[in-house]
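The primary structure of each chain is shown beneath.
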Amino acid sequence: VQLQASGGGLVQGGGSLRLSCAASEGTFSVHVMGWFRQAPGKQRELIATINTFGGTTYADSVRGRFTISRDNAKNTVSLQMNSLKSEDTAVYYCAARSPVTYRYDYWGQGTQVTVSS
């Protein structure tokens, strides 16, 4: 699975951004999809997941502000980010979890989100 993320940019604190991730193949629907982020000097963290049935999980740091969604017909997963804070500044990655290894084996290239205070 090849993934292409888009939608990052510069936004003021309190603003919103929507990230999108397009998958290259029709087996997209069998994968749990996740959004990760990595801030400068910090480890990459998993912030949201969505399973094949639409069930979602969120990290405490984004719960209530971010919403992950998927469109299996279009092979896309999105992350709606509201009430952005300066601490949300990071490179954001979409990833697909293999149904065989249960690891996130497939990654998009990352998109920069910068929130100004």
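Now for a look at the structure at hand. Numbers given to residues run from 1 along each chain, matching the order in which its sequence is written. Two thresholds apply to this predicted model, a pLDDT of at least 70 for residue-level local features and 80 or more for giving and counting side-chain atom pairs, whereas whole-chain, interface and lining totals are computed over all residues. Values reported for side chains reflect all heavy atoms of the structure, with hydrogen atoms and water molecules removed beforehand.

### A short note on the nonpolar core
Part 1: Among the nonpolar cores identified, the biggest contains 30 residues, and Trp35, Ile47, Leu79, Met81 and Tyr92 are the most heavily contacted of them.
Part 2: Secondary structure elements with two or more residues in this core: β1 (3–6), β3 (17–23), β4 (32–38), β5 (45–50), β7 (66–71), β8 (76–81), β9 (90–97) and β11 (111–116).
Part 3: Residues belong to one nonpolar core when they are buried, are Ala, Val, Leu, Ile, Met, Phe, Trp, Tyr or Cys, and are joined through side-chain atoms within 4.5 Å. Burial classes: relative accessible area under 20% of the type maximum marks a residue as buried, over 50% as exposed, and values in between as partly exposed (1.4 Å probe, protein chains only). Of all hydrophobic cores here, the second largest spans five residues; its members include Val32, Tyr93, Ala95 and Tyr104. The way it works is that DSSP assigns letters per residue, a run of H or I at least four long becomes a helix, a run of E at least two long becomes a strand, and they are numbered from the N terminus.

### Some thoughts on the sheet that holds β3
Part 1: A pair of strands is labelled paired if DSSP reports no fewer than 2 bridges between them. Strand order in the open sheet formed by four strands is β1-β3-β8-β7, with antiparallel pairing between adjacent strands. Two strands in the sheet have a free side with no partner beyond their single neighbour: β1 and β7. For this sheet the average axis-to-axis angle between neighbouring strands, irrespective of direction, equals 15°.
Part 2: In the sheet, β1 pairs with β3 via four bridges, with the strands oriented antiparallel. Only the contacting stretch of a helix is used when fitting its axis, a line to C-alpha atoms as for every element, and angles between N-to-C directions run 0 to 180 degrees.

### Some words on unusual backbone geometry
Part 1: You will see that asparagine 75, though not glycine, has its phi angle at about 55°, which is positive.
Part 2: Position of asparagine 75 among the secondary structure elements: in the loop between β7 and β8.
Part 3: The phi torsion at tyrosine 102 lies on the positive side, around 65°, for a residue other than glycine.
Part 4: Structurally, the position occupied by tyrosine 102 is in the loop between β9 and β10 (104–107).
Part 5: Under the relative-accessibility criterion, tyrosine 102 is labelled exposed at 57%.

### Points about the pairing of β3
Part 1: Judged by which residues are buried, β3 turns out to be one-sided: Leu17, Leu19, Cys21 and Ala23 face inward and are buried, whereas Arg18, Ser20 and Ala22, on the alternate face, are not.
Part 2: Pairing analysis gives six bridges linking β3 to β8, with the strands arranged antiparallel. Paired with leucine 17 across the bridge in β8 is methionine 81.

### Overview of the state of the cysteines
Part 1: In plain terms, two cysteine sulfur atoms within 2.5 Å form what is called a disulfide here. One pass over the full model with this rule turns up one disulfide.
Part 2: Covalent S-S linkage joins cysteine 21 and cysteine 94, the inter-sulfur distance amounting to 2.0 Å. Linking cysteine 21 and cysteine 94, the disulfide has an S-S dihedral of approximately 60° and is accordingly described as right-handed. In this pair, cysteine 21 is assigned in strand β3 and cysteine 94 in strand β9, connecting sequence segments 73 residues apart. For the residue pair cysteine 21 and cysteine 94, the accessibility class agrees, reading buried in each case.

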